[in-house]
Amino acid sequence: MAEEDYKVWLEAVCRPGVCLEESQKAYRDWASTYDEDAEKYKYDINSIKIASILKDYFQEGERGNVRILDVGAGTGLVAKQLKKYGFEHIDALEPSEDMLNEARKNNLYENYFVEFISGTPSSLPANSYDVLTGGGIYATEAHVPAEAILEMIRLVKPGGVIILVGSYTYIRTSKNYDDLEPLMGRLEVEGKWKKLIHEIWTAESAGSTTVERITCCYRVI
Ligand SMILES: C[S@@+](CC[C@H](N)C(=O)[O-])C[C@H]1O[C@@H](n2cnc3c(N)ncnc32)[C@H](O)[C@@H]1O
């Protein structure tokens, strides 16, 4: 596939003004070739970064006991990377059945929760996970809303870790995320979580000339 075609998919899932239904339909159509494209155009860099950070937070011997929720799990790129380091108990929360079906083919998750995360409580009980991950879950439109941070914190046990890696270009340019970083800061002041990493990578280090990326990693209090 030419890089131009990849950009067509990105447009389809998150161009300015796209509605949720259109974006989800695009993920349905993209699902079967998503992994191939992600690898080819280095979109899997989000999942690689998440796994490389988490492996340093847990000793090899304890990784098999860590309970992880992967939000916006898609086809399972994050789980694929985490499994390389011995993390085994990973659940997926993702609205697209077709994206999840790709993950199911590779047996990547223990439980599959087909739903959207938002600022209000999901169907999952509070304090369920040691770690919550999100790779590429913020985009111009029709993706995870800023206020979903509150639900992420609810789902993670005190002392657990939330790690989000994705495009900073989207966060910087989309009105939907005007409150994302201020909210992250306020939640720290309110004692809900503590910053471990909040880092914007240069375009060069992200392996891309056009996309800046961000790593946000917090410990829930
Ligand atoms: C760009 S994909 C990233 C998938 C995967 N994490 C990865 O690293 O390849 C974004 C995913 O977020 C999902 N998504 C969109 N809105 C969501 C929401 N409110 N809650 C959870 N997932 C959502 C989409 O269906 C899509 O699968």
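See the structure shown above.
To continue, consider the overall build of the protein. For the protein, the helix and strand inventory stands at eight helices and seven strands. Relative to the 2.2 N^0.38 estimate, which gives 17 Å for 221 residues, the radius of gyration of the protein is 16 Å and therefore close to what a compact globule would have. A principal-axis box enclosing the C-alpha atoms of the protein has dimensions of 45 × 35 × 35 Å. Looking at the protein residue by residue over its 221 residues, the buried ones come to 39%. Within the protein, contacts between residues separated by at least 24 positions form 69% of all contacts whose residues are at least 6 apart in sequence.

Turning our attention to the site of the ligand. The local shell around the ligand holds 22 residues, among which G72, G74, L77, F116 and G135 are the closest. Contributions of two or more residues to the shell around the ligand are made by α2 (20–40), α3 (45–57) and α4 (77–84). The residue makeup of the shell around the ligand, split by class, is 13 nonpolar, eight polar and one charged.

A word on the pairing of strand β7 (residues 213–220). Burial analysis of β7 places six of its eight residues in the buried class, which makes it a mostly covered element. Relative to β7, strand β5 (residues 156–167) is paired through seven bridges, and the arrangement is antiparallel. Counterpart to I163 in the pairing with β7 is C217. Sheet topology places strand β6 (residues 193–201) next to β7; eight bridges connect them, and they run antiparallel. Residue pairing in the sheet places K195 in a bridge with Y218 of β7.

Take α3 next. With 13 residues, α3 ought to run about 18 Å at 1.5 Å a step, and its terminal C-alpha atoms sit 19 Å apart, in line with that. Along α3, the residues classified as buried are I45, N46, S47, K49, I50, A51 and L54. Contacts made by the buried residues of α3 are with α4, β4 (129–135), β5 and β7.

Let's shift gears to the environment of I48. Position of I48 among the secondary structure elements: in helix α3. Residues I48 and A79 lie 31 residues apart in sequence; the distance between their C-alpha atoms is 10.0 Å.

With phi around 55°, N107 is a residue other than glycine that occupies positive phi space. By the element assignment, N107 lies in the loop between α5 (97–105) and β3 (112–113). The class for N107 is exposed, based on 10 C-beta atoms found within 10 Å. The backbone of N127 shows a phi angle near 55°, a positive value even though the residue is not glycine.

This part is about the packing of α3 against α4. In the contact formed by α3 and α4, the axes pass within 8 Å of each other and the chain directions differ by 35°. Note on packing geometry: the crossing formed by α3 with α4 is right-handed. Counted together, S47, I48, I50, A51 and L54 of α3 and L77, V78, K80, Q81, L82 and K84 of α4 form the full contact between these two elements. Looking at the contact of α3 with α4, its residues break down into seven nonpolar, two polar and two charged.

Turning our eyes to something else, we now look at the sheet that holds β5. As summarised here, the arrangement of the seven strands in space is β3-β2-β1-β4-β5-β7-β6, forming an open sheet in which the pairing is mixed. The sheet is open, and its two edges are formed by β3 and β6, each paired on a single side. Strands in contact with α3 are β4, β5 and β7; relative to β5, the strand with the most contacts, it is inclined by about 150°.

Next up on the list: the environment of A26. Mapping A26 onto the fold places it in helix α2. In this structure, the C-alpha to C-alpha distance between A26 and V13, residues 13 residues apart in sequence, is 5.6 Å. The contacts of A26, once residues within four sequence positions are left out, are W9, A12 and V13.

With that settled, the discussion passes to the nonpolar core. By size, the foremost hydrophobic cluster in this structure holds 61 residues, and its most contacted members are V71, A73, L132 and I162. Ranked by residues supplied to this core, first place goes to β5 with six residues. With residues up to four places along the chain from it excluded, the contact list for A73 reads V78, A79, A92, L93, E94, L100, A103 and Y109.

Each value, and the rule that gives it
- Residues numbered from 1 in each chain as written.
- Predicted model: local features only at pLDDT ≥ 70, side-chain atom pairs only at ≥ 80, totals over all residues.
- Helix = DSSP H or I, 4+ residues; strand = E, 2+ residues; numbered from the N terminus.
- Rg over C-alpha atoms; globule rule 2.2 N^0.38 Å.
- Buried ≥ 20, exposed ≤ 12 C-beta atoms within 10 Å, placed from the backbone.
- Contact = placed C-beta atoms within 7 Å.
- Near = placed C-beta within 6 Å.
- Nonpolar A, V, L, I, M, F, W, Y, C, P; charged D, E, K, R; others polar.
- Pairing = 2+ DSSP bridges.
- Expected span 1.5 Å × (residues − 1).
- Axes fitted to C-alpha atoms, helices over the stretch in contact; angles between N-to-C directions.
- Left-handed = near helix turned anticlockwise from the far one by under 90°.
- Core = buried A, V, L, I, M, F, W, Y, C linked by C-beta atoms within 7 Å.

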